[in-house]
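# Structural overview
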Amino acid sequence: MTAHAPGSINPADLKALEPVKASTPDEVRAAVATARTAQANWVALPLATRADAMRALGQAVLAKADELAKVMSMETGRSVVECKASELTSLVPYIETAIVVAKEALAPSKVRLSMLDFPGKKGVTEAVPRGVIGIIAPWNYPLGNFWKSLFPALLSGNGVVLKPSEHTPRTGAFLAGLCAEVMPKGLVGLVQGAGEVGQALVDTADAIVFTGSVPSGKRVAARAAERLIPTSLELGGKDAALVLADCDLDRTAIGVAQWAMHNCGQNCAAIERVYVEEAIADRFVATLSKVVSKLRVSTGDNESDLGPLQNAAQLAIVEKHVEQAKAKGAKVTAGGARVGPGLGFQATVLDHCSDDMDVVRDETFGPVIAVVRVKDAEDGLKRANDSRYGLNGSVWTTNIERGAALVRRMEVGVGYVNNHGFAGILADVPWTGVKETGPGVAASTHSYGVFTRPRTVIIDSGKQPDAWWIPANAELTQFVDALIARGRGGGLGVLLKLGGLVKKRAAAIRELAR
Ligand code: NAD
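Residues numbered from 1 in each chain as written. Predicted model: local features only at pLDDT ≥ 70, side-chain atom pairs only at ≥ 80, totals over all residues. Heavy atoms only, no water.

### Examining the sheet that holds strand S9 (residues 271-277)
If you trace the 7 strands from one edge of the open sheet to the other, you get S10-S13-S14-S9-S8-S15-S16, paired in mixed fashion. The open sheet is flanked by strand S10 (331-334) and strand S16 (414-417), the only strands paired with a single partner. Geometrically, the sheet is characterised by an average inter-axis angle of 20° between neighbouring strands, direction not taken into account. Here 3 bridges tie S10 to strand S13 (residues 348-351), and the two strands are oriented antiparallel to one another. (Pairing = 2+ DSSP bridges. Helix = DSSP H or I, 4+ residues; strand = E, 2+ residues; numbered from the N terminus. Axes fitted to C-alpha atoms, helices over the stretch in contact; angles between N-to-C directions.)

### With respect to the site of the ligand
Close contacts around the ligand come from 30 residues, with Lys163, Glu166, Ser213, Ser216 and Glu363 the closest. Serine 213 places a side-chain nitrogen or oxygen 2.6 Å from an oxygen atom of the ligand. Here an oxygen atom of the ligand sits 2.6 Å away from a polar atom, N or O, in the side chain of glutamate 363. Within the complex, 91% of the 850 Å² of free accessible area of the ligand lies under protein. Elements with a contribution of two residues or more to the shell around the ligand: helix H8 (195-202), strand S6 (207-211) and helix H9 (214-227). Here the residues of the shell around the ligand sort into 13 nonpolar, 12 polar and 5 charged. The two domains that each donate at least three residues to the shell around the ligand are domain 1 (46-111 + 125-235 + 445-455) and domain 2 (239-427). (Near = heavy atom within 4 Å. Polar contact = N/O pair within 3.5 Å; in protein donor to acceptor, adjacent residues only side chain to side chain. Areas by Shrake-Rupley, 256 points an atom, 1.4 Å probe, with all protein chains shown as cover. Nonpolar A, V, L, I, M, F, W, Y, C, P; charged D, E, K, R; others polar. Domains from an automatic or database assignment.)

### Some points on the nonpolar core
By size, the foremost hydrophobic cluster in this structure holds 57 residues, and its most contacted members are Phe284, Leu288 and Ile369. It is helix H10 (residues 249-261) that provides the largest number of residues to this core, a total of 7 residues. In this structure, Tyr94, Ala153, Leu162 and Leu187 belong to the second largest nonpolar core, which totals 51 residues. (Core = buried A, V, L, I, M, F, W, Y, C linked by side-chain atoms within 4.5 Å. Buried < 20%, exposed > 50% of the residue type's maximum accessible area, 1.4 Å probe, protein only.)

### A short note on the pattern of salt bridges
In total, this model carries 34 salt bridges according to the counting rule given. Where lysine 328 meets aspartate 356, a salt bridge forms, and the shortest distance between an N and an O atom there is 3.3 Å. Placement of the pair is lysine 328 in the loop between helix H12 (312-327) and S10 and aspartate 356 in the loop between S13 and helix H13 (358-361), with a sequence separation of 28 residues. The class of lysine 328 is partly exposed, set by a relative accessible area of 41%. Aspartate 362 is the partner of arginine 388 in a salt bridge, and the nearest nitrogen-oxygen pair spans 3.0 Å. One end of the pair, arginine 388, is in the loop between helix H14 (377-385) and strand S15 (392-396); the other, aspartate 362, is in the loop between H13 and strand S14 (368-374), and 26 residues separate them in sequence. Via salt bridges that share partners, Lys218, Asp362, Arg388 and Glu436 belong to a single interconnected network. (Salt bridge = Lys/Arg side-chain N within 4 Å of Asp/Glu carboxyl O.)

### Comments concerning the pairing of strand S7 (residues 231-234)
Both S6 and S7 contribute to a ladder of 4 bridges, which runs parallel. In the strand pairing of S7, isoleucine 208 is matched with threonine 231.

### Some points on empty space enclosed by the protein
Inspection of the entire model under this criterion finds 2 cavities of 30 Å³ or more. Considering only enclosed or pocket space, the largest cavity measures out at about 80 Å³ in volume. Of all the elements in the fold, those that place two or more residues in the lining of the largest cavity are strand S8 (239-243), H14 and S15. Counted by class, the lining of the largest cavity contains 6 nonpolar, 4 polar and 5 charged residues. As for the second largest cavity, its lining consists of Tyr94, Ala98, Val101, Lys148, Pro152, Leu155, Ala427, Ala443, Ser444, Ser447 and Tyr448. Across the lining of the second largest cavity, the residue classes break down as 8 nonpolar, 2 polar and 1 charged. (1 Å grid on protein atoms, 1.4 Å probe; cavity = no way out; pocket = protein on both sides within 12 Å on 5 of 7 lines; lining within 4 Å. Points joined across faces, edges and corners; volume = space filled by probe spheres on them.)

Spelled out as structure tokens, the structure:
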């Protein structure tokens, strides 16, 4: 296949797209500087005003839903309907929940100061925005990967610079244009280009939210560590589904196909491995293969259930994984071949997969389900956890209690019984994982560490010096001993003694200045 520059073709039909110019390092620095200037006024606005701006952005996006989905469709090859369904339909409820989350995450908390130990003092811990957040995104959900960080970053009072993937630059530019329409000039900047432009952003921004592959995430982490800036790293996945013999077989087969094939499997939380109990394996594979065989791939001009692969490198990985699995003994029970004039690949099921196959060990990020037959649930759980990744996981069973217990033993950030993957569109669920999926947390109050830093302000009424200040004298010794006696359970007598000593010490301390 001819090598195309990233983002230069429609992957469904290989038609050429208008090129998009990459930003220079100077342009990256300028975008961050402009966002920093705009942020100074933005942070002074009340949260309610910033929240209204998020609502306005939501409305601006939906007003242009047709146009925006067409751009997205052109860059990803997915149908317009699929682009709207997966990235726009839940936007308004997402924003409303993100606002509720922001109120909770940004609420100041009172410092607990006892009257006896810290007389005359009060304190508060506040969430202070980091400044300018660089958001570096992959191509698989060219809007969705921004939603999860853009709203909390702005609601916290930060400026933002967006770095869309070089594979989907036009959708990112469209979003930045809408931000400019409803928000202060320069508050949300845009830079375009590949890894080196992302790197320039890491070199300039005050914090980075990175979503992408494990190797790039490690590079970002190392570079950010040099600058001691915080990062949130949301990286790859290889999600497992554990299918038990007592499951509702038809619903499970359809549910697994849904969450394996959504966005052509180009989903960090796609089900890529299915561990099915041997007792139902034949029937389950037959039903799953029947469902998957019916899925139609977009060829640019047809009604489709899934798009093509977004780029040739991704298609090459899919083909390599399938070929290697076949060579090692896996059986293709659905799909298995390329389709259409573009980068399409049929929705595929591979049965009799084993733990040593790439399709079981490495992220495929394509429309391929690897079925591993297991002795029982314990065997399946052990093999599901034997992975470098850990984003989402699921157990499929009619015994809900058993499913809930098993899913808690899966090494993942989000677990489900009888479903998968959809928590990614919930603004109050921490989207996170373990192992090489990375330590990042998207959404929920748990994500705010990258957007804000805690600042504590303590006010002392200044009426008297504290009892433990200089100088040391006999009363200080008594004071210290009384504190220790209190710690050991001393009663009212000790407390009264402490009260008296605090006063005496204050007088003695003031003598120092005479
Ligand atoms: P990628 O790592 O190639 O690129 C992601 C982004 O990082 C792009 O914008 C790219 O230009 C930029 N980039 C690359 N190298 C960089 C560097 N050294 N410094 C700064 N920026 C750099 O990943 P991809 O192929 O675009 O995306 C697919 C991956 O993303 C998959 O592994 C998928 O699982 C993962 N992903 C994870 C989540 C999650 O929430 N955990 C969500 C979506 C996608």
